[in-house]
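Now for the letters of each chain:
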Amino acid sequence: MEPSIYQYPDIFRCAHLESPGEIPAEVLFLQQVWDRHRKTQTRRILDIGCGDSPHGRLLTGDGFEVVGIDRSPTMIAAGRRKANANLRFYRRPIEKFTLPERAFDAAIFMSETFPVIVDNADLLSHLKSVAGALKRGGLYCIDIDRQDPLPRVRQRTMWRERTARAGNVALDIREFHRPIGWHSPLHSIYELQCTINFTAGAVTTRDLIPVRYTTPSTLELAALASGMFKMVAVYCDLSFTKPIDKCRYRWTGVLRRV
């Protein structure tokens, strides 16, 4: 069985086209969202699907207290190596979890990862778990790619090939789309194949990532169905003024714990 790109915390962000300055811009935007939508001070943050929590490291530098959860032991271990006293980690599944922590002021789910929760039961369980960790009135900020409709493929189909670098390591990346049933709620099944050209020899990773079709209206419906949240805002491309029909890349849904 081929390894996963997520076993290489210092490489996977480069493979996923994360651009320089992207995370600092997101952290600044999140703080502005909290100032807009919370009447009381926001200090304690839950970082969901955190990986090694680069957002958390920046937030703690600004005086926040952050707890990160992720299912990957490799990512959790990498995060703990880089963490300070105000950043803690728990290994948890994102679909259903509890934490031995007092309630948080806000939660975040960044890096456009939220749509990997594809089953209805898992989606509602996730929202209820997040609600259980938040104070009433707490905010849940969810970062999601703009999802234009994709043509359905009948067989595994190459999407694109590209190269990248992670420090001195060259990456050869191939991305595929895979067939899905007409009755599925999925937007796509994304396959990422990455050859990591280490000096000691190349390693090829492969990941299959089902992606649920998620728009502001479907997120709002899920929030209402959970009985725990209502949507209070949608912002596009880290802007407070851009109309939703002008969205180019991704959008942020802001839910309030009721």
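Residues numbered from 1 in each chain as written. Predicted model: local features only at pLDDT ≥ 70, side-chain atom pairs only at ≥ 80, totals over all residues. Heavy atoms only, no water.

1. Thoughts on the sheet that holds strand E3 (residues 87–91)
- If you trace the seven strands from one edge of the open sheet to the other, you get E3-E2-E1-E4-E5-E11-E10, paired in mixed fashion. Edge strands, defined here as strands with exactly one partner in the open sheet, are E3 and strand E10 (229–236). When the angles between neighbouring strand axes are averaged without regard to direction, this sheet yields 20°.
- Two elements, strand E2 (residues 65–70) and E3, share five bridges in a ladder whose sense is parallel. (Pairing = 2+ DSSP bridges. Helix = DSSP H or I, 4+ residues; strand = E, 2+ residues; numbered from the N terminus. Axes fitted to C-alpha atoms, helices over the stretch in contact; angles between N-to-C directions.)

2. A look at the packing of aromatic side chains
- This model, assessed by the stated rule, comprises nine aromatic pairs.
- With a centroid separation of 5.9 Å and 85° between ring planes, the pair formed by Phe109 and Phe114 is classed as edge-to-face. With respect to burial, Phe109 and Phe114 carry one shared label: buried.
- Ring plane angle 45° and centroid distance 6.0 Å describe the contact between Tyr140 and Phe229, whose orientation is recorded as tilted. You can see Tyr140 sitting in strand E5 (residues 134–145) and its partner Phe229 sitting in strand E10, a full 89 residues away along the chain. (Phe/Tyr/Trp six-rings, centres within 6.5 Å; stacked < 30°, edge-to-face > 60°. Buried < 20%, exposed > 50% of the residue type's maximum accessible area, 1.4 Å probe, protein only.)

3. Quick look at the pattern of salt bridges
- Counted under the stated rule, the structure contains 23 salt bridges.
- Notably, a salt bridge pairs Arg250 with Asp143, separated by 2.8 Å at the nearest N-O pair. Placement of the pair is Arg250 in strand E11 (residues 250–257) and Asp143 in strand E5, with a sequence separation of 107 residues.
- Assessed through its relative accessible area of 9%, Arg250 is described here as buried.
- By relative accessible area, Asp143 is classed as buried at 0%.
- Where salt bridges share partners, they join Glu2, Arg156, Arg178, Glu191 and Arg206 into one cluster. (Salt bridge = Lys/Arg side-chain N within 4 Å of Asp/Glu carboxyl O.)

4. Examining the packing of helix H2 (residues 22–37) against helix H3 (residues 54–61)
- Closest axis-to-axis distance for the H2/H3 pair is 10 Å, and the angle between their directions is 60°. Judged by the angle between their axes, H2 and H3 are oblique. Regarding H2 and H3, the two cross each other, and that crossing is right-handed. In this structure, H2 contributes Ile23, Pro24, Glu26, Val27, Gln31 and Trp34 to the contact, and H3 contributes Pro54, His55, Leu58 and Leu59.
- By residue class, the composition of the contact of H2 with H3 is seven nonpolar, two polar and one charged. (Parallel < 35°, antiparallel > 145°, perpendicular 65-115°, else oblique. Left-handed = near helix turned anticlockwise from the far one by under 90°. Contact = heavy atoms within 4.5 Å. Nonpolar A, V, L, I, M, F, W, Y, C, P; charged D, E, K, R; others polar.)

5. Concerning unusual backbone geometry
- Phi angles above zero are rare outside glycine, and Ser53 is one such case at about 55°.
- Looking at where Ser53 falls in the secondary structure, it is placed in the loop between strand E1 (44–48) and H3.
- Even without a glycine there, the phi angle at Glu112 is positive, about 55°.
- Along the chain, Glu112 falls in the loop between strand E4 (104–109) and helix H5 (120–133).

6. Structural notes on H3
- Buried within H3 are the following residues: Pro54, His55, Gly56, Leu59 and Thr60.
- Elements in contact with the buried residues of H3: helix H1 (9–15), H2, E1, E2, E3 and E4.
- Remark: Gly63 follows H3 within two positions and exhibits a positive phi of approximately 100°.

7. Let's talk about the sheet that holds strand E8 (residues 186–198)
- Pairing is antiparallel in the open sheet, where four strands are placed in the order E6-E7-E8-E9. A single partner strand is all that each edge strand has here, and the edge strands are strand E6 (157–166) and strand E9 (201–212). Looking at each pair of strands side by side, their axes are set apart by 20° on average, direction ignored.
- As paired elements, E6 and strand E7 (residues 169–177) share nine bridges and run antiparallel to each other. Bridge pairing in E7 places Thr163 opposite Asp172.

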